[in-house]
Structures are given as structure tokens and as C-alpha cells.
Amino acid sequence: MKDYLIKCQYDLINLIGKKFIFNNNPPRVSKYIKNIQYVEEKDNSRLLDVAIPEGNCIFPIIIYVHGGGWISGSKSSYTRICKSFAHEGYLTFNINYRLAPKYSYPTQIQDIARAIDWVDKNAEIYGGDKTKIFLAGDSSGAHLISHYITMLENEEIKKTSNIKNVIPIERIKGVLLFYGVYDIGKLDELNLKIVKIQNESFLGKNPELYKKRAMLTSPILYINKKFPPAFICTGEVDILYPQSIQLSKALSRYKVSNKLLILSKQEYPDAKHSFLNFYKRKCSIIAMDEAFKFLKLL
């Protein structure tokens, strides 16, 4: 019951945010197409939007996965963010996936994998260059895309999660990771009730199953030299910020190119979790500008 109460609170915040704050004054794009189904089965939970840049060239692709602690959030809160990427010349796909606690792991990563597979098969219709794919996400979305990447070279994770169709890791040219979770075990050490409820909603409450899934879904445990170049951003006031530091260190150990942007609590006290949606904040402007610079170098 507690997990559904928290989910309802998060859903209310997202509803108010997307209606009055998150999506105001979006930059101009050629077209924004909503609610394309990326599975054959009729399912309103597995839809995506497409933000098409202006111009007639072939566009590099960004696939964006929303956050929300695996239990809340939706693509509709990220319309402005995805239009911002499209405004910079990236064909941007904004993905929904099924949420906990109704659906526990591996449902979420299965949906992400199917959405990416759909984009791979259909991006050219919208002017996309499927040889240049970038993945992006915030919070649990950053977790899911980094988890997806680490499973590409790991047959055991794919088998355990029942993932069949994935794209070659070489096609992912870079990733943008905003205030993500990369080590579930370290998250447990925070000993916060709300975090415990979110994690158990996602991974299950059975202690043995939870422990197994927590290891399986912690991408930091499976980093290798093939991980694509990564932009990692977090605010120092966010209790999750040490996870971004540890991910950067793990990538550096394998000589994976990565840029770590930590927004200091002295200069950016409002760089709290989910700050990217509050687009007028200085921290959000800096984070997006640095992300664009990172993408241009790849």
C-alpha cells in the first residue's frame, strides 16, 4: 500500500509540473509526433513521441528515457527537454515504459530494449541516422539506459532478463546521464524509507530475489572498455551525487571517455534531484549547455 501512496504523490507532482512548469516555452522544432506504439500489442503504456528537427539532412538520434524512481513519471513531462535536443539537430525519441509497483523488474528494461529496437528499425522514416545513436536519461531513466548498455556484452544478464533484441554496442555513440542510480547496493546504504519502498517496488520484496536483482541491475558492476563515451551530471545537494562520481571513476579505470559535471552546492543550491525539468534554473541551463557541447564533440 505504501508504494502506491508514494506513486500517487509522485504522479500528482508530475501532473502539476508538466501542466504548469516543465513544458513551457519549448524551442521550435519541425514536428512533434505523439503516442506512437512501439510494440505490436495494443498498450497505452508503451508509447513514444518523436521530436523532428528543422532541416532536410539526416539527423543523429537521441533516445530519451524518463525518470521517476521506476514508479512514476512519463514522457509527457519531458516534451520540452526532448524538443530542446531536436532544436540542436537531433532526431529525438521520448519513451514511455511500464512502471512499478504494478510491473516489477525486468518489465522496465524489456520495454526499453523493445523501444530502442523499434527506433533502430524505424528511425530512417523520420530522417534519422541509425549509425549515430545516443541514449539519454535522468534518475531511474539514467539507470535503465546504463543497465541496457552493460547488458549488450553480457549474455547472462540478457538471458536472466529475457532480452532478445538489442542493438550492437558500437552503434551507441554516447550517453547522457543525469543524476542517475548505478549501484543499487549503495542506494540501500542510505537507509531511507522512501528509497527502500521505491527499490522494493522495482525489484520485489522477497529478500533473496531482491538481492539477486540488485546486483543484476547495478551497471557499475559490469562496466567494461566498450561502454560508450558518457556525460555524467549531478548536483552536489542531491543525495545520489556520489553514485555519479563512482560511475565516472569506474569508466575512467577502463579508459572510457567521460565528462563528469558536478554542480556545487555553493554555486547551485537549487540543483536538487530532477532539476533538469525546471528549465529556468541556472543549473538546468548549464547542464543542458554542457550536454550539447559534449554531443558536438562525438
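Everything discussed here concerns the structure shown above.
All values derive from a computational prediction rather than experimental measurement.

Asks: Teacher, can you tell me more about the sheet that holds strand E3 (residues 59-65) here?
Replies: The pairing of strands in a sheet comes from backbone hydrogen bonds and takes either a parallel or an antiparallel form. Strand order in the open sheet formed by 8 strands is E1-E2-E4-E3-E5-E6-E7-E8, with mixed pairing between adjacent strands. Where the open sheet ends on each side, the last strands, each with one partner, are strand E1 (31-37) and strand E8 (258-263). Strand after strand, the sheet turns through a mean of 15 degrees between neighbouring axes, direction not considered. Sheet analysis places E3 next to strand E5 (residues 128-138), joined by 6 bridges and oriented parallel. Bridge pairing in E5 places Ile61 opposite Ile133.

Asks: I'm lost on the nonpolar core in this one. Help?
Replies: One broad trend across soluble globular proteins is that nonpolar side chains are buried collectively. Residues Leu48, Phe93, Leu135 and Tyr148 are the most contacted members of the largest nonpolar core, which totals 62 residues. Apart from residues no more than four positions distant in its own chain, Leu48 is found in contact with Ile33, Lys34, Asn35, Ile36, Tyr38, Lys75, Phe93, Asn94, Ile95, Trp118 and Val119. Ranked by size, the runner-up nonpolar core spans 27 residues in total, among them Tyr78, Cys233, Ala271 and Ala287.

Asks: Honestly, the pattern of salt bridges in this entry has me stumped. Any pointers?
Replies: Any two side chains of opposite charge can pair, on the condition that their charged atoms come close. Evaluation of the coordinates by the stated rule reveals 16 salt bridges. Among the ionic pairs, Arg171 bridges to Asp120, the shortest N-O distance being 2.0 Å. In this pair, Arg171 is assigned in the loop between helix H5 (155-160) and strand E6 (172-178) and Asp120 in helix H3 (residues 107-122), connecting sequence segments 51 residues apart. Note that Lys196 and Glu200 form a salt bridge whose closest N and O atoms lie 2.8 Å from each other. Of this pair, Lys196 and Glu200 both sit in helix H7 (residues 193-203), 4 residues apart, which is roughly one turn of that helix. Lys196 gets classed as partly exposed once you look at its relative accessible area, which sits at 48%. For Glu200, a relative accessible area of 19% translates into the label buried. Because the salt bridges share partners, they merge into one network encompassing Glu41, Asp43, Arg46, Arg98, Asp111 and Arg114.

Asks: Where do I start with a nonpolar patch on the surface in this structure?
Replies: On the surface, a nonpolar cluster with roughly 470 Å² of combined accessible area is contributed by Leu12, Leu15, Ile16, Phe20 and Ile21. Structurally, Phe20 is set in helix H1 (residues 2-20). Judged by its relative accessible area of 53%, Phe20 is exposed.

Asks: Hey, could you run me through the side chain of Arg80 in this one?
Replies: Checked against the element boundaries, Arg80 lands in helix H2 (residues 79-87). Buried charged residue Arg80 carries no salt bridge. Nearest counter-charge: Asp289, at 9.5 Å. Separated by 3.2 Å, the side chain of Arg80 and the backbone oxygen of Asn25 make a polar contact. If sequence neighbours within four positions are ignored, Arg80 has contacts with Phe22, Asn23, Asn24, Asn25, Pro26, Pro27 and Tyr279.

Asks: Whenever I open this one, the environment of Pro27 confuses me. Can you help?
Replies: Position of Pro27 relative to the elements: it lies in the loop between H1 and E1. Contacts of Pro27, omitting those with residues within four sequence positions, involve Arg80, Lys83, Ser84 and His87.

Asks: Quick question: what am I supposed to make of the pairing of E3 here?
Replies: Both faces of the sheet carry side chains from a regular strand, because those side chains alternate between them. Among the 7 residues of E3, 7 are classified as buried, and the element is accordingly described as predominantly covered. You can see the chain leave E3, run along H2 and come back into strand E4 (residues 91-95), and the turn it takes is right-handed.

Asks: Help me understand the packing of H3 against helix H4 (residues 140-151) in this model?
Replies: For any two helices packed against each other, one specifies the inter-axial angle together with the distance between the axes. Axis separation between H3 and H4 bottoms out at 10 Å; the angle between their running directions is 75 degrees. The angle between H3 and H4 places the two elements in the roughly perpendicular class. Two secondary-structure elements touch here, H3 through Gln108, Ile109, Ile112, Ala113 and Ile116 and H4 through Leu144, His147, Tyr148 and Met151. Here the contact of H3 with H4 is composed, by residue class, of 7 nonpolar, 2 polar and no charged.

Asks: How do you make sense of the side chain of Asp129 when you look at a structure like this?
Replies: Within the secondary structure, Asp129 is located in strand E5. No salt bridge is formed by the buried Asp129; its nearest oppositely charged neighbour, Lys132, is found at 4.3 Å. A distance of 2.6 Å separates polar atoms of two side chains, one belonging to Asp129 and the other to Thr131. When sequence neighbours within four positions are dropped, the list of residues in contact with Asp129 reads Ile58, Phe59 and Ile61.

Asks: I'm lost on unusual backbone geometry in this one. Help?
Replies: Excluding glycine, most residues fall at negative phi; most peptide bonds, likewise, are trans. The omega torsion across Ala100 and Pro101 is 0 degrees, close enough to zero to call that bond cis. Looking at the element boundaries, Pro101 is found in the loop between E4 and H3. Cis geometry is adopted by the peptide bond preceding Pro106, which originates at Tyr105 and carries an omega value of 15 degrees. One can find Pro106 in the loop between E4 and H3. The phi dihedral of Trp70 is positive, around 70 degrees, even though this residue is not glycine. For Trp70, the position within the fold is in the loop between E3 and H2. With a relative accessible area of 2%, Trp70 lands in the buried category. Positive phi, close to 55 degrees, is recorded for Asn162, a residue that is not glycine. Structurally, the position occupied by Asn162 is in the loop between H5 and E6.

Conventions we followed
Residues numbered from 1 in each chain as written. Predicted model: local features only at pLDDT ≥ 70, side-chain atom pairs only at ≥ 80, totals over all residues. Heavy atoms only, no water. Pairing = 2+ DSSP bridges. Helix = DSSP H or I, 4+ residues; strand = E, 2+ residues; numbered from the N terminus. Axes fitted to C-alpha atoms, helices over the stretch in contact; angles between N-to-C directions. Core = buried A, V, L, I, M, F, W, Y, C linked by side-chain atoms within 4.5 Å. Buried < 20%, exposed > 50% of the residue type's maximum accessible area, 1.4 Å probe, protein only. Contact = heavy atoms within 4.5 Å. Salt bridge = Lys/Arg side-chain N within 4 Å of Asp/Glu carboxyl O. Patch = residues over 30% accessible without salt bridge, like charges linked within 9 Å, V, L, I, M, F, W, Y side chains within 5 Å. Areas by Shrake-Rupley, 256 points an atom, 1.4 Å probe, with all protein chains shown as cover. Lys, Arg positive; Asp, Glu negative; His and termini not counted. Polar contact = N/O pair within 3.5 Å; in protein donor to acceptor, adjacent residues only side chain to side chain. Right-handed = clockwise from strand over helix to strand, strands pointing away. Parallel < 35°, antiparallel > 145°, perpendicular 65-115°, else oblique. Nonpolar A, V, L, I, M, F, W, Y, C, P; charged D, E, K, R; others polar.

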